[in-house]
Amino acid sequence: MTVAQLGQVLGVAIFGTLFLAGLDGPGPVASGDALWICALALAGAAVACPGRGRRTPDGNGPA
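Residues numbered from 1 in each chain as written. Predicted model: local features only at pLDDT ≥ 70, side-chain atom pairs only at ≥ 80, totals over all residues. Heavy atoms only, no water.

### Observations regarding the overall build of the chain
Summing up its helical and strand segments, the chain has two helices and zero strands in all. A buried classification covers 8% of the 63 residues belonging to the chain. As displayed, the chain has an accessible area near 5000 Å², and 70% of this comes from carbon and sulfur atoms. (Helix = DSSP H or I, 4+ residues; strand = E, 2+ residues; numbered from the N terminus. Buried < 20%, exposed > 50% of the residue type's maximum accessible area, 1.4 Å probe, protein only. Areas by Shrake-Rupley, 256 points an atom, 1.4 Å probe, with all protein chains shown as cover.)

Listed below in C-alpha cells is the structure:
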C-alpha cells in the first residue's frame, strides 16, 4: 500500500467517524450538523497543514 492510498483510507475512516459521531438522531437537522462538523474538521486540517506535501528533489519546499 502506498502512502497516498494509506492517506485516502485514513481520510475516509476519519470522515466517516466524525460524521457518524455527529449524528444525534434521524433527520435532516442532525445530518446537517454532522456534515458541518466534518467540514470544519477538513477546513482546520487544510489551514493547519499547508505545504506538508511532497518536497522538491533539492529539498527546498513543496513541489
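Picking up where we left off.
### With respect to helix α2 (residues 28-48)
One full turn of an α-helix is made of 3.6 residues, so residues set three or four places apart face in the same direction. Across its 21 residues, α2 extends 30 Å between first and last C-alpha, which sits within 8% of the 30 Å expected from 1.5 Å per residue. Along α2, the positions that sit buried rather than exposed are Ala-30, Ala-34 and Cys-38. All buried residues of α2 fall inside an arc of 70° around its axis, so they share one side. Facing away from the buried side of α2, by more than 90 degrees, are the exposed residues Pro-28, Val-29, Trp-36, Ala-46 and Val-47. Packing partners of the buried residues in α2 comprise α1 (3-22). (Expected span 1.5 Å × (residues − 1). Arc of directions from axis to C-beta. Contact = heavy atoms within 4.5 Å.)

### A look at the environment of Leu-35
Checked against the element boundaries, Leu-35 lands in helix α2. A residue is classified by how much of its surface remains accessible, and Leu-35, at 47% relative accessible area, is partly exposed. C-alpha separation for the pair Leu-35 and Leu-18, spaced 17 residues apart in sequence, amounts to 8.6 Å. Leaving out residues up to four positions away in the same chain, Leu-35 has contacts with Phe-15 and Phe-19.

These results come straight from atomic positions and should not be treated as a statement about function.
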